[in-house]
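# Architecture and fold: a report
Residue strings, one per chain:
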Amino acid sequence: MDIYALYITIGLFTGILSGIFGIGGGMIIVPIMLATGHSFEESIGISILQMALSSFVGSVLNFKKKSLDFSLGLLIGAGGLIGASFSGFILKIVSSKILMVIFALLVVYSMIQFVLKPKKKDLITDTKRYHLQGLKLFLIGALTGFFAITLGIGGGMLMVPLMHYFLGYDSKKCVALGLFFILFSSISGAFSLMYHHIINKEVLLAGAIVGLGSVMGVSIGIKWIMGLLNEKMHKILILGVYGLSLLIVLYKLFF
């Protein structure tokens with residue numbers, strides 16, 4: 001298969017997953033890019049570029065469907081924008097092996113959090129609690145953006161289970177917020193990686209091609225597939241994606 005056709009196919013598949021699960025797709029794209037001969041840093045760059053494209057289209061579609069809480073999304077996104085801006089610096093000073101170990105641990109943590117029942121219901125019931133909740137969401141966004149973009153993922157994979165567990169949001173609401181968060185963190189991360197010369201012309205081209213496929217995929221995921229899934233099936237599929245990503249990363253670490 002031609003390499004560009006492969007990139008489009010990868011993007012299409014990842015975009016569908018992004019639309020269904022609110023993820024950036026880094027847990028899928030980074031291992032595949034590594035397998036095609038790209039360095040860990042280049043793989044992260046390609047992943048982040050496609051995230052920016054797919055998350056923008058996905059968020060527009062979710063907003064039109066009224067499944068995106070725009071005010072909460074802005075709070076989370078602003079935090080992610082700030083946290084992700086440090087990603088290029090981290091990639092310059094931390095080895096790829098250590099980052100992949102952190103990557104695997106975060107996947108395991110996310111799986112555990114998502115399996116657990118929600119800790120509490122939606123707490124936003126009055127102005128005071130809304131402001132407190134807003135601060136928490138901003139800080140969660142900043143921390144997630146800092147770690148996620150450094151690892152080449154948008155952060156949705158980490159935020160979806162956290163919002164489900166701590167805030168009691170249903171999985172589909174978490175997905176819409178997670179995808180909107182990725183829009184902010186991926187744009188910030190892309191600029192950071194460009195500043196640190198991690199994204200070059202080759203990475204930019206590959207990211208754009210993968211992103212083109214992911215834009216088509218995210219439309220399919222949100223418009224058609226999401227409507228067919230109930231809450232239980234949605235959660236089961238999310239856990240399946242976690243498991244697959246973990247296996248790919250562990251294989252890359254030890255083989």
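Residues numbered from 1 in each chain as written. Predicted model: local features only at pLDDT ≥ 70, side-chain atom pairs only at ≥ 80, totals over all residues. Heavy atoms only, no water.

## Observations regarding a nonpolar patch on the surface
The condition is simple: Each patch is built from residues that are more than 30% exposed by relative accessible area and take part in no salt bridge. Like charges join if they lie within 9 Å; nonpolar side chains (Val, Leu, Ile, Met, Phe, Trp, Tyr) join within 5 Å. The Shrake-Rupley method, run with a 1.4 Å probe, gives the accessible areas here. Residue values count only the displayed protein chains as cover. We define a salt bridge as a contact between a side-chain nitrogen of Lys or Arg and a carboxyl oxygen of Asp or Glu at a distance within 4 Å. Only DSSP runs of H or I covering at least 4 residues are called helices, and only runs of E covering at least 2 are called strands; the numbering of each starts at the N terminus.
On the surface, I187, F191, M194 and L204 cluster together into a nonpolar patch covering about 370 Å² of accessible area. Per-element tally for the nonpolar patch: the top contributor is helix α9 (residues 171-195), with 3 residues. In this fold, F191 is placed in helix α9.

## Considering the UniProt feature "transmembrane region" (unreviewed entry) in the chain
We apply this condition: UniProt positions are given in the numbering used here, feature names are shortened, and annotations may be inferred rather than shown by experiment.
According to UniProt, the positions carrying the feature "transmembrane region" (unreviewed entry) are residues 7-32, 44-63, 70-91, 97-116, 137-163, 175-196, 203-224 and 236-254. A distance of 10 Å separates the end C-alpha atoms of residues 7-32, which is 85% helix and 0% strand. Structurally, residues 175-196 comprises 95% helix and 0% strand, and the distance from its first C-alpha atom to its last is 31 Å.

## Regarding the nonpolar core
For the record, the criterion: As used in this record, nonpolar core signifies buried Ala, Val, Leu, Ile, Met, Phe, Trp, Tyr and Cys residues forming a set joined through side-chain atoms within 4.5 Å. Using a 1.4 Å probe on the protein chains alone, a residue whose accessible area is under 20% of its type maximum counts as buried, one over 50% counts as exposed, and one in between counts as partly exposed. We call two residues in contact whenever any of their non-hydrogen atoms come within 4.5 Å of each other.
Residues F40, I46 and L193 are the most contacted members of the largest nonpolar core, which totals 23 residues. Listed by contribution, the elements that provide at least two residues to this core are α1 (3-21), α2 (26-35), α3 (40-64), α6 (96-115), α9 and α10 (201-225). Of the residues forming this core, the biggest block, 5 residues, is contributed by α3. Excluding anything up to four places from it in sequence, L193 contacts I44, G45, I48, S87, G88, L91, I198 and I199. Grouped together as the second largest cluster of nonpolar side chains are 21 residues, L61, F180, F184 and V218 included.

## Focus on the packing of aromatic side chains
The condition that has to hold: Only centres within 6.5 Å qualify two rings of Phe, Tyr or Trp (six-membered ring in Trp) as a pair; their planes then separate them into stacked at under 30 degrees, edge-to-face at over 60, and tilted for everything else.
Tallied over the entire structure, the rule returns 4 aromatic pairs. Centre to centre, the rings of F70 and F180 are 5.5 Å apart; their planes meet at 50 degrees, and the pair counts as tilted. Linking F70 in helix α4 (residues 70-84) with F180 in helix α9, this pair joins segments that are 110 residues apart in sequence. The class for F70 is partly exposed, based on a relative accessible area of 40%. One aromatic cluster in this structure is built from F63, F70, F180 and F184.

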